[in-house]
Number of protein chains: 2
Amino acid sequence: MTHSSQSTSQLHDQMIALGDGAKRAQRVVQRSPHAMRQTALKAAAVALRGISVDLLKANAADVAQAREMGKDDAFIDRLALDEGRIEGMAKSLEAIAARPDPLGAIDQSWAREDGMRFERARVPLGVIAVIFESRPNVAADAAGLCLKAGNATILRGGSESRRSVEMILSAMQKGLEQAGLPMEAVNIVPTQDRDAVGELFRMTEHIDLLIPRGGRSLVARVQEESRVPVLGHLMGVNHSYVHASADLEMAKAVVVNAKMRRTGVCGATETLLIDEAVAAKYLPPLVKALSDAQCRVRGDAAAKAICPDIEPASDEDWDTEWLDAVINVRVVDGLDAALAHIDRHGSGHTECIIASDQAAADRFLSEVDAAIVMHNASTQFADGGEFGFGAEIGIATGRLHARGPVGAEHLTSYHYRVRGSGHIRP
Amino acid sequence: MTHSSQSTSQLHDQMIALGDGAKRAQRVVQRSPHAMRQTALKAAAVALRGISVDLLKANAADVAQAREMGKDDAFIDRLALDEGRIEGMAKSLEAIAARPDPLGAIDQSWAREDGMRFERARVPLGVIAVIFESRPNVAADAAGLCLKAGNATILRGGSESRRSVEMILSAMQKGLEQAGLPMEAVNIVPTQDRDAVGELFRMTEHIDLLIPRGGRSLVARVQEESRVPVLGHLMGVNHSYVHASADLEMAKAVVVNAKMRRTGVCGATETLLIDEAVAAKYLPPLVKALSDAQCRVRGDAAAKAICPDIEPASDEDWDTEWLDAVINVRVVDGLDAALAHIDRHGSGHTECIIASDQAAADRFLSEVDAAIVMHNASTQFADGGEFGFGAEIGIATGRLHARGPVGAEHLTSYHYRVRGSGHIRP
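Residues numbered from 1 in each chain as written. Chains lettered and ligands numbered in written order. Predicted model: local features only at pLDDT ≥ 70, side-chain atom pairs only at ≥ 80, totals over all residues. Heavy atoms only, no water.

### What to know about the interface of chain B and chain A
Facing 73 residues of chain B, the contacting portion of chain A comprises 73 residues. Around 6,300 Å² of area is buried between chain B and chain A when both sides are counted, 46% of it from carbon and sulfur atoms. Counting the surface chain B buries against chain A, the share from its top three residues, Arg227(B), Tyr416(B) and Arg425(B), is 13%. At the boundary of chain B and chain A, one finds 14 salt bridges. Ionic pairing is found between Arg419(B) and Asp362(A), a salt bridge with its closest N-O pair at 3.3 Å. Counting across the interface, chain B meets chain A through 57 residue pairs in polar contact (both at pLDDT 80 or more). Among the elements that line the side of chain B that touches chain A, the one with the most residues is strand E16 (residues 412-423) of chain B, at eleven residues. Among the residues making up the side of chain B that touches chain A, the classes are represented as 31 nonpolar, 21 polar and 21 charged. (Contact = heavy atoms within 4.5 Å. Buried area = accessible area lost by both parts, 1.4 Å probe. Salt bridge = Lys/Arg side-chain N within 4 Å of Asp/Glu carboxyl O. Polar contact = N/O pair within 3.5 Å; in protein donor to acceptor, adjacent residues only side chain to side chain. Helix = DSSP H or I, 4+ residues; strand = E, 2+ residues; numbered from the N terminus. Nonpolar A, V, L, I, M, F, W, Y, C, P; charged D, E, K, R; others polar.)

Encoded structure:
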């Protein structure tokens, strides 16, 4: 046997052992009372605070190595922890603990005339693998949400955050231990070998769901190659549409916030649509407000005719997720034209209408096919925490299983419980 | 360009055109009022009855060809239509029409302290492709359920049922036409070219969900090769577990029905588990009842010690979906042993406990990880019609999106509608 095939088969065996352990632990967590899962989450928060000095040291080593590797400032910002971010992780675990039990709830029940009774009850999904890049807090949020819903987790972080993630994992496992739950309910892939990800893609017997958290290329690779079902989002090309009935001051405040509060998040607005009827009056102050906030504005011909100083938008701009201080502006001929533009260029993430006309808003909310549709609110609210889910494991833009911010309750499935008294089928 | 690559590219273009048409029609159906979709379903039922003479002729031609190809009796039985089966399809469309609208319903709503309001509303999945084998009624049920939930359908049936399915499609399209809905909401793949299925697998831009209806090899191929998300089930290795507290007469009636009512359906019981405490008393009459119903019985050593005339069960039997008049019998040492056996050998479809002890039944119902868990009722009730869903497009044994019988309400997704009054995120 060559060295290469030997190590491939060793890696395979190692991953199967990891999957077996996670699956066994999941059965225990699935049958555990909510109070035990809550204890584990709260104890993990305490443990995280307890190791904060060591975690900061480990993270500093990760950051130093990332700088050596020439990673840019945005990358370092995602990777770096401080006291506040550690406290944020701990608080998030406590918020997850405080929410109601997503398991066991009977979400439907009915009876037949012959007396047979039906219930639909929430059950865990099983073993969930999470592949993420540099943000260490994803480890705590993902493991916490999965545990809450009775799932086991297999985490695979980027090599740059390895030291930090291992420390966070140890705190999660301390929480499990204190609650009397198996530590294998939360795991990290024990090797940085890139082939390990390929193994995860094929572990359909061990992994029920794979969630990629990271940039477009990661998500695209997972969606292309994984045989395990995937929940993820590719991108957020989100629109804020200023209807003719909009209040100008509200439009200015909401659009600037939607674009500029944080430009790098998937809920940021990328394109401003504005009704022709009010463009001449509204566009100059809107462009000024955006420019004052240091945003570059790129417009179509009609927008440039009103505001000659803005840059011209290219055809590709309408499909571009800038994730930066740049916004596209298009003048549209009313609600139908706005809906048609979003139909064509939207990525199914978050879309907003700013309008006083309630009928126009209602039509927008019911006809736009996106995970989140908003009326008179910033698209930056597209976030599980803001929705009240305690935290989120990501935002799903596909249509299957879960859509929008994914919290613990979305990491469940259901099954049917049927009660008879000797019923046989004719 | 060679002939082969030319025809491949022609097929590709043809499939993309089909997908584009379905997608456009789906947008119209998505926004149509429930009354229009109901009209289409009821008119399709009328149209189906109206063409019954022609449909029987077309079906007779399909059957004759299948016989020439040497298909067996079970195959011919699935393929063949008669007046009763056509009336059954029409009634099923009317039952689907009569159910409440699965779209638009607000299944959750809440508000934040700052006044922002959230609603979760049901929306269609989009375009659903259904690949099926010989049963022509799948075409009517699948197209009807998809239409009810605002989805467009692309059907791909086996070549043996081509004439029958084309007639059924024409009735569905007549219904759409009479309701003023686009006929492209229901389509069949216009060629029997086997490569067309490979094209469906890659149409991630056009198809939101792929449902295979057929034998194990079809489902396995779809799950292995499709890049489009798949909802399906591989098999039903279902257990009926006779607890020590079971009533013997009830056990006899339920087990014989669960195994023998129809042996070829996925909800049929394949293995009987019986508690050691009552095996000596219960097994002989249970085996006699099964034998009297023409069922072969294969048992483990403990079962054979009690009933020496039964056949010996092999190790593989416990994982075998017989779909035939054969049952495995194993003697188990109580509830935990039964749960462990089902954990190991069950396929996550339907599992049943027969017991008078309510606590034992409750534990079974909450701990068995299957799509359907039953107490004192035949596993043959695993069917969307019996559950009251009007009809079913299949039974899902995976954990994602939908589980158990899949009716119109399970062919939907949801999105969030958020209403603010100028809310911006700090």
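### A word on the sheet that holds strand E9 (residues 296-299) of chain A
Spatially, ten strands are ordered E10(A)-E9(A)-E11(A)-E8(A)-E7(A)-E12(A)-E13(A)-E16(B)-E2(B)-E1(B) in an open sheet, and the strand pairing comes out mixed. Edge positions in the sheet fall to strand E10 (311-312) of chain A together with strand E1 (106-111) of chain B, since each of these pairs with one other strand and no more. Across two bridges, E9(A) lies against E10(A) in parallel orientation. The partner of Arg298(A) across the bridge, within E10(A), is Glu311(A). Across the sheet, helix H11 (residues 276-292) of chain A is in contact with strand E7 (238-242), strand E8 (269-275), E9 and strand E11 (326-332) of chain A; its angle to E8(A) comes to roughly 145 degrees. Of the strands in this sheet, E7, strand E12 (350-354) and strand E13 (372-377) of chain A together with E16 of chain B are in contact with helix H14 (residues 358-367) of chain A, which crosses E16(B) at around 145 degrees. (Pairing = 2+ DSSP bridges. Axes fitted to C-alpha atoms, helices over the stretch in contact; angles between N-to-C directions.)

### Points about the pairing of strand E3 (residues 127-132) of chain B
Residues and elements named next belong to chain B. Counting buried positions along E3 gives six out of six residues, so the element sits mostly inside the fold. Alternating positions in E3 separate into two faces, Val127, Ala129 and Ile131 on one and Ile128, Val130 and Phe132 on the other, with burial throughout. As paired strands, E3 and strand E4 (residues 152-156) are joined by five bridges and run parallel to one another. The residue of E4 that forms the bridge with Ala129 is Ile154. (Buried < 20%, exposed > 50% of the residue type's maximum accessible area, 1.4 Å probe, protein only.)

### Here's the deal with the relation of the copies chain B and chain A
With an RMSD of 0.0 Å, chain B superimposes on chain A once it is rotated by 180 degrees and translated 0.0 Å along the axis. One copy is carried onto the other by what is essentially a two-fold rotation axis. Within chain B, His401(B) has its C-alpha nearest the rotation axis, a separation of 1.8 Å. Looking at chain B, 100% of its interface residues are interface residues in chain A too, so the copies touch through the same face. (Least-squares fit on C-alpha atoms with pLDDT ≥ 70 in both.)

### A word on unusual backbone geometry
The phi torsion at Asn376(A) lies on the positive side, around 55 degrees, for a residue other than glycine. One non-glycine residue, His401(B), lies in positive phi territory at about 70 degrees. Tracing the backbone shows His401(B) in the loop between strand E14 (395-396) and strand E15 (404-405).

### A closer look at the sheet that holds strand E5 (residues 186-188) of chain A
All names here are of chain A. Overall, parallel pairing links the four strands, which are arranged E5-E4-E3-E6 in an open sheet. Two strands bound the open sheet, and with one partner strand each, they are E5 and strand E6 (209-213). For this sheet the average axis-to-axis angle between neighbouring strands, irrespective of direction, equals 20 degrees. Where helix H9 (residues 216-225) meets the sheet, its contacts fall on strand E3 (127-132) and E6, and the angle it forms with E6 comes to roughly 160 degrees.

### Observations regarding the packing of aromatic side chains
Enumeration over the complete set of coordinates arrives at 18 aromatic pairs over all chains. A ring pair is formed by Tyr241(A) and Phe364(A), whose centres lie 6.2 Å apart and whose planes are at 25 degrees; its orientation type is stacked. Within this pair, whereas Tyr241(A) is found in strand E7, its partner Phe364(A) is found in helix H14, the two being separated by 123 residues in sequence. Under the relative-accessibility criterion, Phe364(A) is labelled buried at 0%. Judged by centre distance (4.7 Å) and plane angle (65 degrees), the rings of Phe387(A) and Phe118(B) are edge-to-face. In this pair, Phe387(A) is assigned in helix H15 (residues 384-387) and Phe118(B) in strand E2 (residues 117-124), connecting two distinct chains. Just above the ring of Tyr414(A) sits the side chain of Arg120(A); from NZ or CZ to the centre is 3.9 Å. (Phe/Tyr/Trp six-rings, centres within 6.5 Å; stacked < 30°, edge-to-face > 60°. Lys NZ or Arg CZ within 6 Å of the ring centre and 35° of its normal.)

### Brief notes about helix H3 (residues 52-68) of chain B
Residues and elements named next belong to chain B. A rise of 1.5 Å per residue sets the reference length of H3, with its 17 residues, at 24 Å; its end C-alpha atoms lie 24 Å apart and thus fit the reference within 8%. Regarding H3, the residues found buried are Ser52, Leu55, Ala58, Asn59, Asp62, Val63 and Ala66. One side of H3 holds all its buried residues, which, seen down the axis, span an arc of 145 degrees. Residues of H3 that are exposed and point over 90 degrees away from its buried face: Val53, Lys57, Arg67 and Glu68. The inward-facing, buried residues of H3 abut helix H2 (34-50), helix H4 (73-79), helix H5 (83-98) and helix H7 (162-178). Immediately downstream of H3, the backbone of Gly70 shows phi near 85 degrees, a positive value. (Expected span 1.5 Å × (residues − 1). Arc of directions from axis to C-beta.)

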